[in-house]
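A closer look at the structure
This is what each chain is made of:
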Amino acid sequence: MRRVLLHLGLHKTGTTAAQSFLYENRELIWPHFALVLPYRTRNSGLSRAATSHSVYGTVGTLSEFGTQMHAFLDTLDFGDKRGLIISEENFAGLRPSRNIEQGYAAAPELAACMVDAIRHRFTGQDVEITIYLSLRQRGGWLRSLWAHDLERIRQVQDFETFRSNMDHLPALEDTLNQIRDRLPSVTVTSEWLEELQLRRYGPGTPFAEFLDLPRDKAKGLVPPTRVNNRLPEDVLTLLLDLNRSRLDEAALVEQKAAVIDRAKDVLIGTT
């Protein structure tokens, strides 16, 4: 039986560490599963197709995502028995802080489209599909989204304003349940980031368990080395001040990069 695991995010729930775990253990994974990470989904245009549908929500945008997914799956080497692991948070839709009106409303449609494409790719074969979503407590999740936007765009809202503007979005668990309701024949699972952080492989733990490698091979698995550390509050305040300044975009990007680099040097003890 082919086994497929679709990790559809969600954003800011440990996805960087999860993808780091998969990449760093790719040599152990490859004999058993084709592995698809954001480098491939974003370079191929699949990620953009998914986020476009989450914004516009038309028959055309969903059809385009499906067409691209079918074509992409045809490029993968599955051999006689190899399964599939995909990890891409944008397959749940555009980051909600950049799509405030819709949030993750398109996630069930996108998930169903992916499942249809996978079943088509393996027509006539037994396929077991699992969808996995990593979750995070709402306060920490919103704070992380806000901090991310402070770094990446000209976010000028303080956190309280940002949180108030996001209040209407459903809980992350609701997105999980909507996907489960849309795909009753598919196993839909979840883990909380706060609990995963206490486990051996951190956010990589659900993948280590899914792999179900023989004991001698499982001993070779390594924890993720890449994580997104939260910047200190004084650094976030400085980024907010820079975003609110009259600096032009080029100067803003340069000064923010310098602030972030200094902060990260301190976090890893290199200064």
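Structure shown above.
Below or above, wherever it landed, is the structure these notes cover. (Residues numbered from 1 in each chain as written. Predicted model: local features only at pLDDT ≥ 70, side-chain atom pairs only at ≥ 80, totals over all residues. Heavy atoms only, no water.)

**Some remarks on the overall build of the protein**
Selection criterion: We count a stretch as a helix when DSSP gives it H or I for four or more residues in a row; a strand needs E for two or more, and each element gets its number in order from the N terminus. Radius of gyration here uses only the C-alpha atoms, and the compact-globule reference equals 2.2 Å multiplied by the residue count raised to the power 0.38. Two residues qualify as a contact provided that any one of their heavy atoms is within 4.5 Å of a heavy atom in the partner residue. Accessible surface area values rest on a Shrake-Rupley calculation with a 1.4 Å probe, where residue burial reflects the displayed protein chains alone. The charge count includes Lys and Arg as positive and Asp and Glu as negative, but it does not include His or the ends of the chains. For the purpose of locating charges, the reference atoms are NZ of Lys, CZ of Arg, CG of Asp and CD of Glu.
What the protein contains, in helices and strands, is 14 helices and 5 strands. A compact globule built from 271 residues would reach a C-alpha radius of gyration of about 18 Å, and the protein, at 19 Å, matches this within 12%. When the backbone C-alpha atoms are referred to their principal axes, the protein occupies close to 60 × 45 × 30 Å. Excluding contacts between residues fewer than 6 apart, the proportion of contacts in the protein whose partners are at least 24 apart in sequence is 78%. If you sum the accessible surface of the protein, you get close to 13700 Å²; carbon and sulfur atoms cover 48% of it. On the protein, the mean spot of the 33 positive side-chain charges and the mean spot of the 35 negative ones are 3 Å from each other.

**Notes on the packing of helix α7 (residues 138-152) against helix α13 (residues 233-244)**
Applied cut-off: Note on geometry: axes are lines fitted to C-alpha atoms, helical ones only across the stretch in contact, with angles between N-to-C directions running from 0 to 180 degrees. In this scheme, roughly parallel covers angles under 35 degrees and roughly antiparallel covers those over 145, while 65 to 115 is roughly perpendicular and the rest are oblique. Should the near helix be turned anticlockwise from the far one by less than a right angle, the crossing is termed left-handed; should it be turned clockwise, right-handed. Only Asp, Glu, Lys and Arg are considered charged in this grouping, and only Ala, Val, Leu, Ile, Met, Phe, Trp, Tyr, Cys and Pro are considered nonpolar; every other residue, Gly among them, is considered polar.
Here α7 crosses α13 at 50°, and the two axes come no closer than 9 Å. Our classification of the angle between α7 and α13 gives oblique. Considering only the axes of α7 and α13, their crossing is left-handed. Counting all contacts with α7, which are made through R143, W146, A147, L150 and E151, the residues of α13 involved are E233, L236, L239, L240 and N243. When its residues are assigned to classes, the contact of α7 with α13 shows 6 nonpolar, 1 polar and 3 charged.

**Considering the packing of aromatic side chains**
Spelled out, the test is: In this analysis, rings of Phe, Tyr and Trp, with Trp reduced to its six-membered ring, are considered paired at centre separations within 6.5 Å, and the interplanar angle assigns stacked below 30 degrees, edge-to-face beyond 60, and tilted for intermediate values. Each residue gets one of three labels from its accessible area relative to the maximum for its type: buried under 20%, exposed over 50%, partly exposed in between, using a 1.4 Å probe on protein chains only.
Throughout the structure, instances matching the rule amount to 6 aromatic pairs. When the ring of F21 is compared with that of Y201, the centres are 5.5 Å apart and the planes differ by 55°; the resulting orientation is tilted. Of this pair, F21 sits in helix α1 (residues 15-24) while Y201 sits in the loop between α10 (193-196) and α11 (205-211); the two residues are 180 residues apart in sequence, bridging distant segments of the chain. Pair check on accessibility: F21 and Y201 agree, each one buried. Plain terms: the ring middles of F65 and F91 are 5.6 Å apart, the flat faces sit at 65° to each other, and that makes the pair edge-to-face.

**Thoughts on the layout of surface pockets**
We apply this condition: Two kinds of site are reported from a 1 Å grid over the protein atoms alone, namely cavities, where a 1.4 Å probe fits but cannot get out, and pockets, open sets with protein on both sides within 12 Å along at least five of seven lines, and residues are called lining when an atom falls within 4 Å of a point. Grid points are joined across faces, edges and corners, and a volume is the space filled by probe spheres set on the points.
The volume enclosed by the largest pocket comes to roughly 1200 Å³. K12, T15, T16, V227 and N228 are, among the 40 residues lining the largest pocket, the residues nearest its centre. Those elements giving two or more residues to the lining of the largest pocket turn out to be α1, α3 (38-43), α7 and α14 (249-267). Counted by class, the lining of the largest pocket contains 14 nonpolar, 14 polar and 12 charged residues. Of the pockets and cavities examined, the second largest pocket occupies roughly 170 Å³. Around the second largest pocket, the lining residues are E151, R152, I153, E249, L252, V253, K256, A257, I260 and K264. Listed by contribution, the elements that provide at least two residues to the lining of the second largest pocket are α7 and α14.

**Here we look at α7**
As a reminder of what qualifies: Any helix carries an expected span of 1.5 Å times its number of residues minus one.
The end-to-end C-alpha distance of α7 is 21 Å, a good match for the 21 Å that 15 residues give at a rise of 1.5 Å each. Along α7, the residues classified as buried are W141, L142, R143, S144, L145, W146, A147, H148, D149 and L150.

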